[in-house]
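Each chain, written out:
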Amino acid sequence: AYAAAVANWQAGRLDLAAGLTNALLKRSPGNVDLLILKSRIAEKAGKAKTATDTGRQAWGNAETDTEKYAAAMVTARAFLADEKHTRAQLWLRRAAHVAPNDLMHAQAARDFRVVRARNPLAVDLSFNIAPSNNINNGSARETTQLYLFGLPVEIPLNGAARALSGLEYSAGGSARYRFKQTNTNAPDLIF
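Conventions and cut-offs
Residues numbered from 1 in each chain as written. Predicted model: local features only at pLDDT ≥ 70, side-chain atom pairs only at ≥ 80, totals over all residues. Heavy atoms only, no water. Helix = DSSP H or I, 4+ residues; strand = E, 2+ residues; numbered from the N terminus. Buried < 20%, exposed > 50% of the residue type's maximum accessible area, 1.4 Å probe, protein only. Polar contact = N/O pair within 3.5 Å; in protein donor to acceptor, adjacent residues only side chain to side chain. Contact = heavy atoms within 4.5 Å. Pairing = 2+ DSSP bridges. Axes fitted to C-alpha atoms, helices over the stretch in contact; angles between N-to-C directions. Parallel < 35°, antiparallel > 145°, perpendicular 65-115°, else oblique. Left-handed = near helix turned anticlockwise from the far one by under 90°. 1 Å grid on protein atoms, 1.4 Å probe; cavity = no way out; pocket = protein on both sides within 12 Å on 5 of 7 lines; lining within 4 Å. Points joined across faces, edges and corners; volume = space filled by probe spheres on them. Nonpolar A, V, L, I, M, F, W, Y, C, P; charged D, E, K, R; others polar.

(A) Broad picture of the side chain of Ser 132. Counting through the fold element by element, Ser 132 comes out in strand E1 (residues 121-132). Under the relative-accessibility criterion, Ser 132 is labelled buried at 18%. One polar contact links the side chain of Ser 132 to the main-chain amide nitrogen of Asn 134, over a distance of 3.1 Å. Apart from residues lying up to four places away in sequence, Ser 132 is in contact with Leu 164, Ser 165, Gly 166 and Glu 168.

Quick look at the structure:
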């Protein structure tokens, strides 16, 4: 029955393939291969929500890296068919992390680059933690010199006026959204 479902899916007889797959899933609801097939059938039939939901379900039931890779790739494909590029990128990243061999990793990485190039949204985040001997931009000296009536006066510095050492945390980010791109024009909105 599984082979017949695959053959009907490949031949474009999606209703028959879906019927066979759903019947098999009633007997074995957690079967990853059947869930992946159901997702591919739904994607080909233009049922994006069913395709992505079933792909996620396959991921949740997957036990081996090969099953997880296949589930992540089919889910990414379903999101891409629905033009949800960012979600497709996230699933392709998942696929690359669980790829059981170098060839599959390269495929996921290549697909990720293609989807990233098509994605109108690009987000870059940066985080940093670093030691610093002057986290408050204080003075390295123990005193400061003031002029009072033209005479220099040394005043001791204490607390936050002196350089404090510790950990410095920083975070940053940028986002770009590309509106309708043509061969000669690529208008962006950048934050």
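There is more to say after this.
(B) Structural detail: the sheet that holds strand E5 (residues 188-190). An order of E1-E4-E5 is seen for the three strands of this open sheet, with the pairing classed as antiparallel. In this open sheet, the two strands that pair with only one neighbour each are E1 and E5. Between one strand axis and the next, the sheet turns by 15 degrees as a mean value, whatever way the strands run. Note that strand E4 (residues 166-178) and E5 share three bridges and pair antiparallel. Bridge pairing in E5 links Tyr 177 to Leu 189.

(C) How the structure looks around the packing of helix H6 (residues 85-98) against helix H7 (residues 102-118). Contact geometry of H6 with H7 gives a least axis separation of 9 Å together with a crossing angle of 165 degrees. With respect to each other, H6 and H7 are oriented roughly antiparallel. Read as a crossing pair, H6 and H7 show a hand that is left-handed. Contacts from His 85, Ala 88, Gln 89, Leu 92, Arg 93, Ala 95 and Ala 96 in H6 reach His 105, Ala 108, Asp 111, Phe 112, Val 115, Arg 116 and Arg 118 in H7.

(D) Expanded view of the pairing of strand E2 (residues 143-148). Direction of pairing for E2 relative to strand E3 (residues 151-156): antiparallel, over a ladder of six bridges. Paired with Gln 145 across the strands is Glu 154, a residue of E3. From the end of E2 to the start of E3, which pair antiparallel, there are two residues, and Phe 149 there has a positive phi angle of about 55 degrees.

(E) Representation of the layout of surface pockets in the model. Its boundaries defined by the atoms lining it, the largest pocket holds a volume of some 340 Å³. Arg 40, Ala 70, Met 73, Val 74 and Arg 77 are the residues nearest the centre of the largest pocket, which is lined by 18 residues in total. Among the secondary structure elements, those contributing two or more residues to the lining of the largest pocket are helix H1 (2-11), helix H3 (32-44), helix H5 (65-81) and H7. If one sorts the elements of the lining of the largest pocket by residue count, H5 sits on top with six residues. Considering only residue class, the lining of the largest pocket consists of 13 nonpolar, no polar and five charged. Lining the second largest pocket, in full, are Thr 86, Gln 89, Leu 90, Arg 93, Phe 112, Arg 116, Asn 119, Leu 121, Ala 122, Val 123, Asp 124 and Arg 176. Every element with two or more residues in the lining of the second largest pocket is listed here: H6, H7 and E1.

(F) Structural detail: the environment of Ala 62. Tracing the sequence through the fold places Ala 62 in the loop between helix H4 (48-61) and H5. On the accessibility criterion, Ala 62 (9% relative accessible area) is buried. When sequence neighbours within four positions are dropped, the list of residues in contact with Ala 62 reads Val 32, Glu 67 and Lys 68.

(G) A look at the packing of helix H2 (residues 14-27) against H3. Here H2 crosses H3 at 155 degrees, and the two axes come no closer than 10 Å. Considering the angle they form, H2 stands roughly antiparallel to H3. In this structure, H2 meets H3 at a crossing whose hand is left-handed. Seen from H2, the contacting residues are Leu 14, Ala 17, Ala 18, Thr 21, Asn 22, Leu 24 and Leu 25; seen from H3, they are Leu 34, Leu 35, Leu 37, Lys 38, Ile 41 and Lys 44. Looking at the contact of H2 with H3 residue by residue, the classes come out as nine nonpolar, two polar and two charged.

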